[in-house]
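# Coordinate inspection notes
These are the residues of each chain, in order.
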Amino acid sequence: DTVQVSATGTWYEVDVSDYITDNGTYSLALTSSSDVFSQHIYSREDTTESNRPYLEVVSGAGSSLKAEKGSVTNIGSASWTQVNLANSYASPVVVCTTNYTSSDVPMVVRVRNASGNKFEVKVINPSGTTVSGRTVQYMVVEEGVYSEGTDGVKMEAKKITSTLTDGYTNGWMGQTISTANSYFTPVVLGQVLTANDAAWSQFWCCSEASYALPPSNGSFAVGKHVGEDTVLTRANETIGYIVIEAG
């Protein structure tokens, strides 16, 4: 930027807002096109503090991102277990998983009553086989949209009401959602967050173009599915999903 200087010993304001667009460290240099005033262009190393140019950056409230991860042990199908969180959330989006091998029975992590600083979890087998002693990993993000510049990560966490139930027999339709951010390679994590139906269902997602393709930038489909279960209907459930830029 340039500024017209008409007198010596006077401070002039230079607008650099077009260049200081985000958090970070910036280098500024002052030069003069006239030899007359060059002696009055001071660098930050000037020994007289009052002669040094200064930059005042007024930032906003900063990052609003609130998130955490953790794990909880000894989870099973007999009863719900309350998980207490380090943070309190206005609208928590919870995503859970448990690890199991090919020798284990299939398992689904169910979540309910996610609010404030807690949620409840259990691990069930879709066919009703008793499950016990499982470790569940979880991630919690405050519902909202986040940017790399302000929050350090490009991400969004959302909730919707799932009114469709997909699966092998019902087909794979899902509900189309649009992202607030633009992603080059979106990674989508999700969870059925309620237990309105006593029967299980599981989060799934795909490209808007085809259920055989992963989510892509802009919009994609999310939903709940019942796999090859012969009971095809489920009550509406709240599902939460987290979209993160890969990398």
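Here goes a summary of the coordinates provided. Computed from a predicted structure; not experimentally measured.

What counts, and at which threshold
Residues numbered from 1 in each chain as written. Predicted model: local features only at pLDDT ≥ 70, side-chain atom pairs only at ≥ 80, totals over all residues. Heavy atoms only, no water. Pairing = 2+ DSSP bridges. Helix = DSSP H or I, 4+ residues; strand = E, 2+ residues; numbered from the N terminus. Axes fitted to C-alpha atoms, helices over the stretch in contact; angles between N-to-C directions. Buried < 20%, exposed > 50% of the residue type's maximum accessible area, 1.4 Å probe, protein only. Lys, Arg positive; Asp, Glu negative; His and termini not counted. Salt bridge = Lys/Arg side-chain N within 4 Å of Asp/Glu carboxyl O. Polar contact = N/O pair within 3.5 Å; in protein donor to acceptor, adjacent residues only side chain to side chain.

## Thoughts on the sheet that holds strand 7 (residues 155-162)
Within the open sheet, the 4 strands sit side by side as 6-7-13-10. Their pairing is antiparallel. Looking at which strands have only one partner, the edges of the open sheet turn out to be strand 6 (144-146) and strand 10 (186-192). Between one strand and the next, the sheet's axes are offset by a mean angle of 20°, whatever the strand orientation. With 7 bridges joining them, strand 10 and strand 13 (residues 237-245) adopt antiparallel strand pairing. Note on strand 13: the bridge partner recorded for G190 is Y241.

## Remarks on the side chain of R110
Inspection of the secondary structure assignment puts R110 in strand 4 (residues 108-124). The side chain of R110 sits in the buried core without any salt bridge; E237 is the nearest counter-charge, 4.3 Å away. At a separation of 2.8 Å, a polar atom in the side chain of R110 contacts the main-chain carbonyl oxygen of D197.

## Quick notes on the pairing of strand 3 (residues 92-98)
A large share of strand 3 lies buried, amounting to 6 of its 7 residues. Direction of pairing for strand 3 relative to strand 5 (residues 134-142): antiparallel, over a ladder of 7 bridges. Paired with C96 across the two strands is Y138, which belongs to strand 5.

## A closer look at the sheet that holds strand 5
Where strands meet in a sheet, backbone hydrogen bonds hold them as pairs that are either parallel or antiparallel. Pairing in this open sheet of 3 strands is antiparallel, and the strands run 1-5-3 from one edge to the other. Two strands in the sheet have a free side with no partner beyond their single neighbour: strand 1 (67-75) and strand 3. When strand polarity is set aside, the average angle formed by the axes of neighbouring strands in this sheet is 25°.

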